[in-house]
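What the coordinates show
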Amino acid sequence: MLFCHKNNNYNTFDEFSKTIELILKALSDYPIKKIKYIGLRYINQINLDDGKLNDWDDSINKDLHVITPNFVDSKNILRSMHSLEFKEQDYYIQFNFGQFNSVYPNPISKKEFILDYTCRCKDYNDIDNVQKITE
């Protein structure tokens, strides 16, 4: 399994890809031939200073507005995260989204929204093909 430190920030996928390439070169010194899991994760934390805390109409796709159910007063919401998982032909996608609330368990006081995607290939793969799969 490959890990990248959670605090690394990449401006482009090419920057990220170079890190993966370095890790794969380091792994080539070991007798690893097959791997059973490849995963890439992308997290985008959107922080806005304008508008009401629960008003995302001009910033986030309306299909993701599951934030304030009608049965809860929006002032009482501490966190509103949602998860969607699905399978494509050769890979799985896990998509988490919503108001994460970085000051939890305090009430939401910042206008922040998380888009958290994980894509993983579950089949056994030759380690020499990992770079091709991640492109």
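Conventions used here
Note that residues are indexed from 1 along each chain, following the sequence as it is written. Reporting of local features is limited, given that this is a predicted model, to residues whose pLDDT is at least 70; pairs of side-chain atoms are given and counted only at 80 or more, and all residues count toward the totals for whole chains, interfaces and linings. The side-chain numbers reported here are obtained from all heavy atoms of the structure, hydrogens and water having been left aside. Strands are runs of DSSP state E lasting at least 2 residues, helices are runs of H or I lasting at least 4, and numbering of each runs from the N terminus. Between buried and exposed lies partly exposed: a residue is buried under 20% and exposed over 50% of the maximum accessible area for its type, with that area taken using a 1.4 Å probe on protein chains only. Here, two residues are considered to be in contact whenever any of their heavy atoms come within 4.5 Å of each other. Accessible areas in this description were obtained via Shrake-Rupley with a 1.4 Å probe; residue shielding takes into account the shown protein chains only. Take a side-chain nitrogen of Lys or Arg and a carboxyl oxygen of Asp or Glu: if they are within 4 Å of each other, that pair is a salt bridge. Classification of ring pairs uses Phe, Tyr and Trp, with its six-membered ring standing for Trp, and accepts pairs whose centres are within 6.5 Å; under 30 degrees between planes counts as stacked, over 60 as edge-to-face, and the remaining range as tilted. Each ring is checked for a lysine NZ or an arginine CZ that lies within 6 Å of its centre and within 35 degrees of its normal; such an atom marks a charge sitting over the ring. By this definition, two strands are paired if DSSP reports at least two bridges between them. The axes are straight lines fitted to the C-alpha atoms, using for helices just the contacting stretch, and the angles between their N-to-C directions are given from 0 to 180°.

For the rest of this paragraph, the subject is the overall build of the protein. Across its full length, the protein carries 2 helices and 6 strands. Secondary structure of the protein in N-to-C order comes out as α-β-β-β-β-β-β-α. The proportion of buried residues among the 135 residues of the protein is 26%. Pairs at least 24 residues apart make up 58% of the contacts formed inside the protein by residues separated by at least 6 positions. Summed over its atoms, the accessible surface of the protein is roughly 10,100 Å², and 50% of this surface lies on carbon and sulfur atoms.

In this section: the pattern of salt bridges. Summed over all chains, the structure comprises 1 salt bridge. For Asp116, the salt bridge goes to Arg41, with nearest N and O atoms at 2.5 Å. One end of the pair, Asp116, is in strand 5 (residues 111–121); the other, Arg41, is in strand 2 (residues 38–48), and 75 residues separate them in sequence. Since its relative accessible area comes to 55%, Arg41 is described here as exposed.

Right, let's get into the packing of aromatic side chains. Enumeration according to the criterion identifies 3 aromatic pairs in this entry. Geometrically, the ring pair formed by Phe95 and Tyr117 is stacked, given 4.6 Å between the ring centres and 10° between the ring planes. With Phe95 in strand 4 (residues 92–99) and Tyr117 in strand 5, the pair connects residues that are 22 residues apart, well separated along the chain. In this structure Phe95 comes out as buried when scored by relative accessible area, which is 9%. It is Arg79 that lies over the ring of Phe100; its NZ or CZ is 4.5 Å from the centre. The ring of Tyr92 has Lys87 lying over it, and the distance from NZ or CZ to the ring centre is 5.3 Å.

Right, let's get into the pairing of strand 5. Of all 11 residues in strand 5, 8 are buried, a share of seventy percent or more. The pairing of strand 2 with strand 5 spans 11 bridges and is classified as antiparallel. What sits directly across from Gly39, in strand 5, is Arg120.

Taken together, 4 strands build an open sheet; the order of strands is 2-5-4-3 and the sheet is antiparallel. Because the sheet does not close on itself, it has two edges, and the strands there are strand 2 and strand 3 (80–87). Averaged over neighbouring strand pairs, the angle between their axes works out to 10° when direction is ignored.

It is worth spelling out the environment of Cys121 at this point. In this fold, Cys121 is placed in strand 5. Each C-alpha atom, one on Cys121 and one on Asp90, is 6.5 Å from the other, the two residues being 31 residues apart in sequence. Excluding its chain neighbours within four sequence positions, the residues that come into contact with Cys121 are Lys36, Tyr37, Ile38, Asp90 and Tyr91.

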